[in-house]
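A closer look at the structure
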Amino acid sequence: IWMHDEYLQFMFERLLFMRELLSDTGSIYVHCDWHKSHYLRCLMDEVFGINNFRNEIIWYYRRWNIASTSFATNHDTLLFYTKGRASYTYNQLYIPKSEKSSAQGKSWKSVIGEDGVRRSIQTDEPTKGVPMPDVWEISMINPVARERTEIAYPTQKPEKLLERIILASSNPGDLVMDCFMGSGTTQAVAMKLGRRFIGADINLGAVHTATKRLLNIAADIKAEDKNENAQSLNKYTGFEVYNVNNYEFFRNPAQARSLLIDALGIQEFPEGSSIWDGELDGRMVKIMPVNRIAAKADLKDLIDNLPYKKYESISANDPSEIVERITIVCMGHEPDLKAHLQYELIKYKVDIEILDILKDRKDLQLKRESEAEVVRDGNKLVIKNFYPLNLMNKLSCEKEYLDDWRMLTDSVLIDWYYDGAVMQPIVTDIPGKNELVKGVYDIPDDAGTIRIKITDLLSESLELEVK
């Protein structure tokens, strides 16, 4: 969906960021197919250093291809780099000895003969197998495999592939991150292998799919432990989901502009009638793109189209008079944004204000929060109502016309023993197709502070406590 240079710039910025996040003993694996893998290797040489390149791993998979003009494309590439050259985590993996070659997989040791020459000889000692090569034959995910998520991700990786990576380049308790997590395969394998994990994705549906997957895995791990103490298995079964930088607001720029105009009380100009979005207290307002921090390049269109003839006239009559009062509204910005605009308009006396919503107006209500009524009725926890206001707004649905709140609900998670820090759901009410959440739940006799999380069909969640 992007032009070639846009994609490479996108990846370059993120590779720089990932290098900063890596520990000194850390490793990074970047997966790609034949379209861009050679370009990505050049970028990674630049960011991580040529000397920190470790392997180009070929992931080979069998599939039927009808290709009459070229060879079938049956592999992808994994580029393996480390943060440092001298010290990094690497655990040697092995594959079973080949039955076709009696020489493979045998143990060898170094000895010095009577002539004083050092030689390697085979021994009958048991061997771990053959050190794993850089060509991995791992099948694609079977459409009916248990690890296949409900939402089909075309690039979902098999768990066996991530298992090799995580085992080779981390130890139990280490931290693993996947910043394009999709269906959460990396996090799922990390949880099973006793690694801590971070996942990120711009798609809220992906975050919700990964959350469901991890909750099911956590339940399986706890069921394996007869003492109901997952720590004895050295596994991490608790996790939190964070919404960073008003993500809901970022992902719909058109709606975000309208919300900003309403929230700030801007007198809006008709679309296309001016270079300005509106006026506020005698100041001309320009709203920057909300899905990224404002950069100097974002000001180019404004600078090119300012009414310079008007400015010249005002300055000619009185050089000390302010020709324009400008307010730039943004969601984060480059530190020299204001200085850049002042420099471009240095011939004129201008009053420039940068209004950063994330910094200056943190209290601004950028979206409508969901509402719910949850009560204790004896030994029952009852959800009487749940109103996901953003979803209802999209559906043009009013509260009084909502017949059953459960029709707009995707899942209910409950922690009966909330410790005030991390929610660890014990009840995971995730209904199947054509089913609804229960809405009424039995409270254990020894329950403490109850934390409940209700998620709607847009994957937006409401969390609240019931004492």
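First, a word on scope: everything that follows refers to the structure included in this document. Within each chain, residue numbers correspond to sequence positions counted from 1 in written order. Given that this is a predicted model, residues contribute local features only at a pLDDT of at least 70 and side-chain atom pairs are listed and counted only at 80 or more, while totals for whole chains, interfaces and linings are drawn from all residues. As a rule here, side-chain values come from all non-hydrogen atoms in the structure, and water together with hydrogens is ignored.

Considerations on the sheet that holds strand 17 (residues 380-387)
Strand pairing in a sheet takes place through backbone hydrogen bonds and is either antiparallel or parallel in direction. Spatially, 16-17-20 is the arrangement adopted by the three strands of the open sheet, whose pairing is antiparallel. Strands with a single pairing partner mark the edges of an open sheet, and in this sheet they are strand 16 (371-377) and strand 20 (440-442). In this sheet, neighbouring strand axes are inclined to one another by 20° on average, regardless of whether the strands run parallel or antiparallel. The pairing of strand 17 with strand 20 spans three bridges and is classified as antiparallel. Within strand 20, the position partnered with lysine 380 by the bridge is aspartate 442. Two strands qualify as a pair provided that DSSP identifies no fewer than 2 bridges between them. Strands are runs of DSSP state E lasting at least 2 residues, helices are runs of H or I lasting at least 4, and numbering of each runs from the N terminus. Only the contacting stretch of a helix is used when fitting its axis, a line to C-alpha atoms as for every element, and angles between N-to-C directions run 0 to 180 degrees.

Comments concerning the pairing of strand 9 (residues 175-178)
Using a 1.4 Å probe on the protein chains alone, a residue whose accessible area is under 20% of its type maximum counts as buried, one over 50% counts as exposed, and one in between counts as partly exposed. Burial along strand 9 is one-sided: Val176 and Asp178 are buried, while Leu175 and Met177, pointing the other way, are not. Two strands pair when backbone bridges link them, and strand 9 and strand 10 (residues 196-199) are joined in this way by four bridges, in the parallel orientation. Along strand 10, the bridge assignment pairs methionine 177 with isoleucine 198. Looking down the strands as they point away from you, a crossover is right-handed if its path from the first strand over the helix to the second goes clockwise. Regarding the hand of the β-α-β motif, the stretch spanning strand 9, helix 4 (residues 185-192) and strand 10 is right-handed.

What about the sheet that holds strand 3 (residues 75-82)?
Read from one edge to the other, the open sheet built from four strands follows the order 1-3-2-8, with strand pairing classed as mixed. The open sheet is flanked by strand 1 (27-32) and strand 8 (135-137), the only strands paired with a single partner. Mean inter-strand twist for the sheet, computed between neighbouring axes without regard to direction, equals 25°. The sheet contact formed by strand 1 and strand 3 spans six bridges and is antiparallel. Looking at the pairing, serine 27 lines up with threonine 82 of strand 3. Here, two residues are considered to be in contact whenever any of their heavy atoms come within 4.5 Å of each other. Where helix 2 (residues 37-48) meets the sheet, its contacts fall on strand 1, strand 2 (53-60) and strand 3, and the angle it forms with strand 3 comes to roughly 5°. Contacts between helix 3 (residues 159-169) and the sheet are confined to strand 1, strand 2, strand 3 and strand 8, with strand 1 contributing the most and set at about 160° to the helix.

Focus: a nonpolar patch on the surface
Only residues whose relative accessible area exceeds 30% and that form no salt bridge enter a patch; like-charged residues are grouped when within 9 Å of one another, and nonpolar side chains (Val, Leu, Ile, Met, Phe, Trp, Tyr) when within 5 Å. Using a 1.4 Å probe, accessible areas were evaluated by the Shrake-Rupley method; residue-level cover was limited to the displayed protein chains. Salt bridges are counted wherever a side-chain nitrogen of Lys or Arg sits within 4 Å of a carboxyl oxygen of Asp or Glu. Judged by side-chain polarity, Phe17, Leu21, Leu175, Met177 and Ile198 come together as a nonpolar surface patch covering roughly 460 Å² of accessible area. Sorting the residues of the nonpolar patch by element identifies helix 1 (4-21) and strand 9 as the ones contributing at least two each. Here leucine 175 is to be found in strand 9. Look at leucine 175 and you get partly exposed, because its relative accessible area is 48%.

Examining the nonpolar core
We call a set of buried Ala, Val, Leu, Ile, Met, Phe, Trp, Tyr and Cys residues a nonpolar core when their side-chain atoms join them within 4.5 Å. If you look at the biggest cluster of nonpolar residues, it comprises 30 residues, and the most contacted ones within it are Trp136, Leu161 and Met191. If you list the elements that add at least two residues to this core, you get strand 2, strand 3, helix 3, helix 4 and helix 5 (204-224). Contacts of methionine 191, omitting those with residues within four sequence positions, involve Phe197, Leu214, Ile217, Ala218, Ile221, Lys235, Tyr236, Thr237 and Phe239. Membership of the second largest hydrophobic core comes to 24 residues, among which are Val374, Leu391, Tyr441 and Val466.

Side note on unusual backbone geometry
Positive phi, normally seen in glycine, also occurs at aspartate 281, with a value near 55°. For aspartate 281, the position within the fold is in the loop between strand 12 (278-280) and strand 13 (283-287). On the basis of relative accessible area, aspartate 281 is assigned to the exposed category, the value being 73%. The backbone of serine 396 shows a phi angle near 55°, a positive value even though the residue is not glycine.

Digging into the packing of helix 3 against helix 4
Here helix 3 crosses helix 4 at 60°, and the two axes come no closer than 9 Å. In terms of their interaxial angle, helix 3 and helix 4 are classed as oblique. Both helix 3 and helix 4 take part in a crossing whose hand is right-handed. Counted together, Glu159, Leu162, Glu163 and Ile166 of helix 3 and Thr185, Thr186, Ala188, Val189, Ala190 and Lys192 of helix 4 form the full contact between these two elements. Following the grouping adopted for this structure description, the nonpolar residues are Ala, Val, Leu, Ile, Met, Phe, Trp, Tyr, Cys and Pro, the charged ones are Asp, Glu, Lys and Arg, and the polar ones are all others, Gly among them. Of the residues assigned to the contact of helix 3 with helix 4, the class counts are five nonpolar, two polar and three charged. By definition in this entry, angles of less than 35 degrees are roughly parallel, angles greater than 145 are roughly antiparallel, angles of 65 to 115 are roughly perpendicular, and the rest are oblique. Note on convention: near helix rotated counterclockwise from far helix by under a right angle means a left-handed crossing. Clockwise means right-handed.

A word on the side chain of aspartate 277
Note that aspartate 277 resides in the loop between strand 11 (267-268) and strand 12. Taking relative accessible area as the criterion, aspartate 277 reaches 10% and is therefore assigned buried. By the criterion applied in these results, polar contacts are pairs of N or O atoms within 3.5 Å in which, for protein atoms, one can donate a hydrogen and the other can accept it, and in which residues neighboring in sequence qualify only through two side-chain atoms. A polar side-chain atom of aspartate 277 sits 2.7 Å from the main-chain amide nitrogen of isoleucine 287. Residues contacting aspartate 277, with those up to four places away along its chain left out, are Arg257, Gln267, Glu268, Phe269, Val285, Lys286 and Ile287.

Quick notes on the pattern of salt bridges
For the structure on display, the rule yields 21 salt bridges. The partner of arginine 283 in a salt bridge is glutamate 353, with the nearest N and O atoms 3.6 Å apart. Here glutamate 353 lies in strand 15 (residues 350-356) and arginine 283 lies in strand 13, a separation of 70 residues in the sequence. On the accessibility criterion, arginine 283 (14% relative accessible area) is buried. In this structure, glutamate 371 and lysine 399 form a salt bridge, with 2.6 Å as the shortest nitrogen-oxygen distance. Of this pair, glutamate 371 sits in strand 16 while lysine 399 is found in the loop between helix 12 (389-394) and strand 18 (409-415), placing the two residues 28 residues apart along the sequence. Look at glutamate 371 and you get partly exposed, because its relative accessible area is 34%. Overall, the relative accessible area of 34% leaves lysine 399 in the partly exposed class.

Overview of the environment of tryptophan 405
Within the fold, tryptophan 405 resides in the loop between helix 12 and strand 18. With sequence-adjacent residues up to four places away left out, tryptophan 405 is seen in contact with Ile383, Lys384, Asn385, Phe386, Val437 and Gly439.

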